[in-house]
Amino acid sequence: SSWQYYKSVELADSLITAIVQAIEEAGLADSTIVLVTADHGGKDKSHGGPTMEEIEIPWIISGPGVAKGREIKTPVNTYDTALTVAHIFALKTPSSWIGKPVLEAFESAPGKAQ
């Protein structure tokens, strides 16, 4: 890892903080789910290969109905993200979509009365 990488992580962190603060200041925290992820990992200066460092991604979700402090134990693939968002909004998904919604992240089914 290089200092440029750490500076990029620091910038991303500050931007996420700004988004969360804006959501709170707008009074939308009780109705907004924030999901932070990446399309792939990296190893040294390469990416897209078969190593765990290149395959594993962050997948962080927070908001109403999301279980606080829960570590997701089942594997999450990048294509599970779209299905999770569709699940949150109770949308019907095309049969050609692969993956699964990450239900383990939630206290109960989102979009339904609690």
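Whatever comes next refers back to the structure up there.
**Side note on the overall build of the protein chain**
- Looking only at helices and strands, one finds three helices and two strands in the protein chain.
- Helices and strands appear in the protein chain in the N-to-C order α-β-α-β-α.
- Structurally, the protein chain occupies a C-alpha span of about 45 × 40 × 25 Å along its principal axes.
- Looking at the 114 residues of the protein chain, the share that counts as buried comes to 18%.
- Roughly 8,500 Å² of accessible area belongs to the protein chain as shown, and the carbon and sulfur atoms make up 58% of that amount.
- Distance from the positive charge centre (9 side chains) to the negative charge centre (14 side chains) of the protein chain: 6 Å.

**A look at unusual backbone geometry**
- Of note in the backbone geometry, Ala 90 takes a positive phi value of approximately 55 degrees without being a glycine.
- Its place among the elements puts Ala 90 in the segment after helix 3 (80–88).
- In this structure Ala 90 comes out as exposed when scored by relative accessible area, which is 62%.

Reading the values: rules and limits
Residues numbered from 1 in each chain as written. Predicted model: local features only at pLDDT ≥ 70, side-chain atom pairs only at ≥ 80, totals over all residues. Heavy atoms only, no water. Helix = DSSP H or I, 4+ residues; strand = E, 2+ residues; numbered from the N terminus. Buried < 20%, exposed > 50% of the residue type's maximum accessible area, 1.4 Å probe, protein only. Areas by Shrake-Rupley, 256 points an atom, 1.4 Å probe, with all protein chains shown as cover. Lys, Arg positive; Asp, Glu negative; His and termini not counted. Charge placed at Lys NZ, Arg CZ, Asp CG, Glu CD.

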